[in-house]
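Observations on the three-dimensional arrangement
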Amino acid sequence: MIAEELITDKGVSAGDEWITVPAPRLREAMAALKEDGYRLLVFLTCVDHLADASKEWPARFELLYEVRDMEKLRDLRVRAFVDGEPPEIDSVHDLFPPANWDERETYDLFGVVFSGHPELTRILMPDDWVGYPLRRDYPVGGEPVEFSEEHETWLTPPPEA
Amino acid sequence: MGLEDLVDSLGQNVLTTTVGKVIGWGRGNSVWPAQFGLACCAIEMISTATAGVDIARFGSEAMRASPRQADLMIVSGRVSQKMAPILRTIYDQMPEPKWVISMGACASTGGVFNNYALLQGVDKVVPVDVYIPGCPPRPEDLLNALMILQERIKAQGIVTR
Amino acid sequence: MSIEDASGQGVTITQTGERGAFGGELLTVNFGPHHPSTHGVLRLIVDLDGEQVKRVKPVIGYLHTGIEKQMEALRWQQGVVCTDRHDYLSPPINNLAYALAVERLMGVEVPPRAQALRVIMCELTRLSSHLVWLGTSGIELGAMSVLMYCFRERDTIMDMNEEISGFRMHTSYIRPGGVMADATPRFFDMLAKFVREMPRHIDEYEDLLTMNPIWRSRTIGIGRLAPEVAKVVGASGPMIRGSGIAWDLRKVMPYSGYENYDFEVATNDGCDCYARYLVRIQEMREAVKILGQALDRLPDGPVNVDDRKMLPPPREELETSMEAVIHHFKLFTEGYSVPPGDVYVAVESGRGENGCYIVSDGTHKPRRVKFRSASFVNLQALERMALNHMIADLVAIIGTADTVLGDVDR
């Protein structure tokens with residue numbers, strides 16, 4: 001069972017159960033969940049909450065780990081909030097093998113550093129790419145489209161970023 | 001035997017033409033595409049080669065696995081920034097004379113993906129002879145493009161570029 | 001390699017002078033991204049000891065399309081076109097994952113007829129996806145003629161797609177709030193004919209391959225993936241079912257009314273490439289069964305939710321109702337906004353669990369869309385499957401893993 005003091009917040013979002021754990025103790029929480037039967041990591045990703053007015057966010061980057069218990073058929077979403085430049089969190093690739101590429105992808109697209117990862121390199125973008133494309137302050141890029149509403153903002157980051 | 005006798009003996013069996021026209025006719029009817037599938041359009045390209053549409057009617061069923069044996073590159077699908085240098089290398093490996101068909105909206109203009117990851121049009125790295133609209137184009141569209149290209153090749157004659 | 005060490009991804013490239021079992025030097029071979037196999041732009045760095053594969057390091061990203069970023073720049077209803085194109089062999093299934101996610105956040109439920117039409121489209125797509133897989137895998141292993149048979153039936157399915165949505169491959173038929181439009185009577189005629197004839201065609205493919213000695217010797221015992229490993233590496237779809245585990249999201253976590261259909265989960269205990277082939281063939285038969293049932297008990301009624309804030313009003317109302325015009329105008333200039341929150345919806349595609357995770361910040365554009373793609377996860381098991389096999393078998397293993405690179409790289 002995951003210890004009570006590891007859960008700082010919990011709830012249900014559109015039918016999905018979730019808990020929040022403190023980022024420095026993520027590995028501990030994930031190991032406990034694995035003991036608890038959640039043996040499969042479905043996916044791992046990050047959300048950039050830069051200039052997100054929908055709610056008070058504890059930090060800019062929210063890391064999400066969707067774990068699944070294949071026997072009892074239940075899913076649980078684990079959230080951890082990190083800040084800083086670069087944002088840093090422990091790797092869970094040895095607990096959950098599918099995390100290996102997911103962590104590389106999150107590093108590639110968000111610049112989140114997973115300490116303890118054996119090969120934290122870019123996976124989708126070219127090796128010499130500069131910047132982390134899925135951050136909100138990274139422009140969508142491409143070419144400007146005439147007569148479109150995004151014509152002005154397409155190439156430049158949003159003003160609040 | 002004089003020249004007149006020779007001509008008489010041939011009867012109606014002689015056509016006069018230019019070397020350029022013969023070469024153009026030969027080249028145009030045996031365009032060998034490189035087997036180079038990228039994304040969605042590659043599936044429709046395979047579809048073009050199967051019995052229903054049958055690209056063999058136009059002498060282009062021989063999809064070559066090696067670019068050294070091919071003289072047509074069908075860029076079938078979106079070209080990412082990571083793929084662009086490789087695409088150019090393959091183009092450079094093809095022997096002259098060579099032609100390029102840009103198949104589909106993504107290869108021609110970037111399609112619906114106007115963003116950081118994609119090359120906005122393959123014509124930024126290789127010269128394109130025929131563009132095909134559609135996302136993905138129908139197999140018949142590819143055949144039409146091939147026929148347009150064949151007419152061009154036939155008109156080009158002996159000239160290489 | 002122990003099971004717990006299943007990642008096997010922390011491979012290092014061969015050091016110069018490293019010796020193999022036969023005393024020779026290990027040879028590093030680059031396989032791709034442009035290669036004679038027809039499985040897209042996948043690049044593998046393979047270490048060979050003689051002809052034996054000792055290490056495989058997949059290098060991906062050659063088809064990275066930036067779909068997730070693109071969808072953040074598009075409105076909720078515009079994002080559907082991007083979902084079509086990430087796993088380009090099963091567009092309606094991706095549509096469904098996205099549509100279900102948006103609907104769960106909005107708290108709407110689509111009418112029964114829309115659910116049945118969605119199931120019909122998904123099963124047709126599963127068939128066409130498996131047909132493309134079967135044909136191209138056949139080519140890779142030297143069975144050229146299978147492709148001609150498979151694509152004949154695939155074209156029939158494409159014709160049906162065209163009839164129902166007007167487009168061959170990327171139908172965008174399933175949308176948040178329902179489907180694009182009701183199906184035409186001609187579509188149902190075509191579908192009934194297809195359901196009648198398809199089992200015979202599947203027998204044809206089996207005649208060509210199942211007992212074919214070349215096909216069997218190229219696939220039996222190749223690419224073993226033990227059940228416990230398959231679970232640990234997170235494999236899904238025919239990969240895990242070919243290892244004897246009856247894990248099918250349509251059964252274990254039903255969505256879109258799949259619990260109302262009577263079908264078997266195809267499994268096989270062989271754990272090898274041949275088992276995965278048999279599983280897919282069986283799945284095609286089951287898909288035809290589901291199609292028949294869906295056609296028989298298709299409910300009547302509307303195909304879209306009756307919510308003017310989410311879907312445009314019918315065309316005829318625009319001429320009589322001012323309110324309808326306002327709704328129409330708002331939807332097509334600003335779009336609808338989705339309540340804040342996040343949701344993950346998983347559906348079973350031809351390759352396994354294709355999920356869609358969306359985060360809304362309450363505006364008319366998504367804050368984040370993430371696709372959990374089956375191929376991306378299944379590809380990580382490649383090294384464990386290919387270890388100590390011949391290099392020629394690598395093609396069979398990639399083939400039966402059925403990775404779609406658009407799905408891997410997104």
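Residues numbered from 1 in each chain as written. Chains lettered and ligands numbered in written order. Predicted model: local features only at pLDDT ≥ 70, side-chain atom pairs only at ≥ 80, totals over all residues. Heavy atoms only, no water.

It is worth spelling out the overall build of chain B at this point. Tallying secondary structure elements over chain B gives six helices and four strands in all. Moving toward the C terminus, one meets the helices and strands of chain B in the order α-α-β-α-β-α-β-α-β-α. Against the globule reference of 15 Å for 161 residues, chain B gives a C-alpha radius of gyration of 19 Å, more extended than a compact globule. Over its C-alpha atoms, taken along the principal directions, chain B stretches across nearly 75 × 35 × 25 Å. (Helix = DSSP H or I, 4+ residues; strand = E, 2+ residues; numbered from the N terminus. Rg over C-alpha atoms; globule rule 2.2 N^0.38 Å.)

A few words now on the packing of aromatic side chains. Inspection of the entire model under this criterion finds 13 aromatic pairs over all chains. Summarising the aromatic geometry, the rings of Trp 57 of chain A and Phe 81 of chain A are spaced 6.1 Å apart at their centres and angled 40 degrees between planes, so their arrangement reads as tilted. One end of the pair, Trp 57 of chain A, is in the loop between strand S3 (40-48) and strand S4 (61-69); the other, Phe 81 of chain A, is in strand S5 (residues 74-82), and 24 residues separate them in sequence. Judged by centre distance (6.5 Å) and plane angle (35 degrees), the rings of Trp 133 of chain C and Tyr 277 of chain C are tilted. In this pair, Trp 133 of chain C sits in helix H4 (residues 112-140) while Tyr 277 of chain C sits in helix H11 (residues 273-296), placing the two residues 144 residues apart along the sequence. Take Trp 133 of chain C: its relative accessible area is 1%, and that puts it in the buried class. Judged by relative accessible area, Tyr 277 of chain C falls into the buried class, the value being 0%. One aromatic cluster is present, built from ring pairs that chain together Trp 133, Trp 215, Tyr 274 and Tyr 277 of chain C. The ring of Phe 263 of chain C has Lys 251 of chain C lying over it, and the distance from NZ or CZ to the ring centre is 4.4 Å. (Phe/Tyr/Trp six-rings, centres within 6.5 Å; stacked < 30°, edge-to-face > 60°. Buried < 20%, exposed > 50% of the residue type's maximum accessible area, 1.4 Å probe, protein only. Lys NZ or Arg CZ within 6 Å of the ring centre and 35° of its normal.)

Let us now look at the side chain of Gln 150 of chain B. Residue and element names in this part refer to chain B. Within the secondary structure, Gln 150 sits in helix H6 (residues 139-156). Accessibility expressed as a relative area gives 6% for Gln 150, which makes it buried. Not counting chain neighbours up to four residues away, the residues in contact with Gln 150 comprise Gly 28, Asn 29 and Phe 58. (Contact = heavy atoms within 4.5 Å.)

So, on to the pattern of salt bridges. All names here are of chain C. This structure, assessed with the given rule, holds 53 salt bridges over all chains. A salt bridge links Arg 250 to Asp 248; the shortest N-O distance between them is 2.9 Å. No difference in accessibility class separates Arg 250 from Asp 248, as the two residues are buried. (Salt bridge = Lys/Arg side-chain N within 4 Å of Asp/Glu carboxyl O.)

Contact residues are listed per partner, giving seven residues for chain B and 15 residues for chain A. When the two sides are added together, the surface that chain B and chain A hide from each other amounts to roughly 860 Å², 57% of it contributed by carbon and sulfur. If you sort the residues of chain B by the area they bury against chain A, Lys 82, Asn 114 and Tyr 116 of chain B come out on top, with a joint share of 74%. In this structure, the connection of chain B to chain A is made through zero salt bridges. Counting every contact that joins chain B to chain A gives two residue pairs in polar contact (both at pLDDT 80 or more). Of the residues in the side of chain B that touches chain A, the class split is one nonpolar, four polar and two charged. (Buried area = accessible area lost by both parts, 1.4 Å probe. Polar contact = N/O pair within 3.5 Å; in protein donor to acceptor, adjacent residues only side chain to side chain. Nonpolar A, V, L, I, M, F, W, Y, C, P; charged D, E, K, R; others polar.)

Our next topic: the sheet that holds strand S1 (residues 27-31) of chain C. Residues and elements named next belong to chain C. The strand order across the open sheet formed by three strands is S1-S2-S3, and the pairing between neighbours is antiparallel. Of all strands in the sheet, those bounded by a partner on one side alone are S1 and strand S3 (52-59). On average, each strand axis in the sheet is inclined to that of its neighbour by 20 degrees, with strand direction left out of account. As paired strands, strand S2 (residues 43-49) and S3 are joined by seven bridges and run antiparallel to one another. Considered in S3, the bridge of Val 46 is made with Val 56. (Pairing = 2+ DSSP bridges. Axes fitted to C-alpha atoms, helices over the stretch in contact; angles between N-to-C directions.)

Moving on, we get to the environment of Ile 157 of chain C. Residues and elements named next belong to chain C. Position of Ile 157 among the secondary structure elements: in helix H5 (residues 145-165). Looking at Ile 157, the relative accessible area reads 1%, which means it is buried. Taking C-alpha positions, Ile 157 is 9.2 Å from Met 190, a pair spaced 33 residues apart along the chain. Dropping the residues within four chain positions of it, Ile 157 is found in contact with Leu 124, Leu 127, Ser 128, Leu 131 and Phe 194.

Residue and element names in this part refer to chain C. For helix H13 (residues 322-333), with twelve residues, the first-to-last C-alpha span of 17 Å sits near the 16 Å given by 1.5 Å per residue. Of the surrounding elements, those touching the buried residues of H13 are helix H12 (315-318). Put simply, Ser 321 is the residue that caps the front of H13, since its side-chain oxygen is 3.3 Å from the backbone nitrogen of Glu 323. With its phi angle positive at about 85 degrees, Gly 335 sits one or two positions after the end of H13. (Expected span 1.5 Å × (residues − 1).)

Our focus in this paragraph is the pairing of S3 of chain A. Residue and element names in this part refer to chain A. Extensive coverage of S3 is indicated by the burial of nine of its nine residues. Pairing of S3 with S4 involves eight bridges; the strand directions are antiparallel. Opposite Cys 46, over in S4, you have Leu 63 as the bridge partner.

Here the focus is the interface of chain A and chain C. Contacts between chain A and chain C engage 53 residues on the former and 51 residues on the latter. Between chain A and chain C, roughly 4200 Å² of surface is buried when both sides are summed, and carbon and sulfur atoms account for 53% of that area. At the surface where chain A touches chain C, the tally comes to ten salt bridges. Here Lys 370 of chain C and Glu 105 of chain A are joined by a salt bridge, their closest N and O atoms 3.7 Å apart. Here chain A and chain C share 21 residue pairs in polar contact (both at pLDDT 80 or more) between them. For the side of chain A that touches chain C, the secondary-structure elements that each account for two or more residues are S3, S4, S5 and helix H2 (99-110) of chain A. Broken down by element, the residue count for the side of chain A that touches chain C peaks at eight residues, all from S3 of chain A.

Once that is clear, we can look at the nonpolar core. With 201 residues, the main nonpolar core has Met 30, Tyr 65 and Ile 89 of chain A together with Leu 124 and Ile 358 of chain C as its most contacted residues. Apart from the residues lying within four places of it in its own chain, the contact partners of Met 30 of chain A are Leu 41, Tyr 65, Val 67, Val 78, Val 92, Leu 95 and Phe 96 of chain A. Ile 55, Val 130, Leu 143 and Ile 153 of chain B belong to the second-largest nonpolar core, a separate cluster that totals 18 residues. (Core = buried A, V, L, I, M, F, W, Y, C linked by side-chain atoms within 4.5 Å.)

Residue and element names in this part refer to chain C. Viewed as axis vectors pointing N to C, H4 and helix H6 (residues 185-209) meet at an angle of 30 degrees, and their least axial separation amounts to 13 Å. With respect to H6, the element H4 is oriented roughly parallel. Considering the relative orientation of H4 and H6, their crossing is left-handed. Where H4 abuts H6, its residues Arg 113, Leu 117, Ile 120, Leu 124, Leu 127, Leu 131 and Leu 134 lie against Phe 187, Phe 188, Leu 191, Phe 194, Met 198, Tyr 205 and Leu 209. (Parallel < 35°, antiparallel > 145°, perpendicular 65-115°, else oblique. Left-handed = near helix turned anticlockwise from the far one by under 90°.)

On the surface, a nonpolar cluster with roughly 450 Å² of combined accessible area is contributed by Leu 3, Leu 6, Val 7, Leu 10 and Val 14 of chain B. Positionally, Leu 3 of chain B belongs in helix H1 (residues 3-10). (Patch = residues over 30% accessible without salt bridge, like charges linked within 9 Å, V, L, I, M, F, W, Y side chains within 5 Å. Areas by Shrake-Rupley, 256 points an atom, 1.4 Å probe, with all protein chains shown as cover.)

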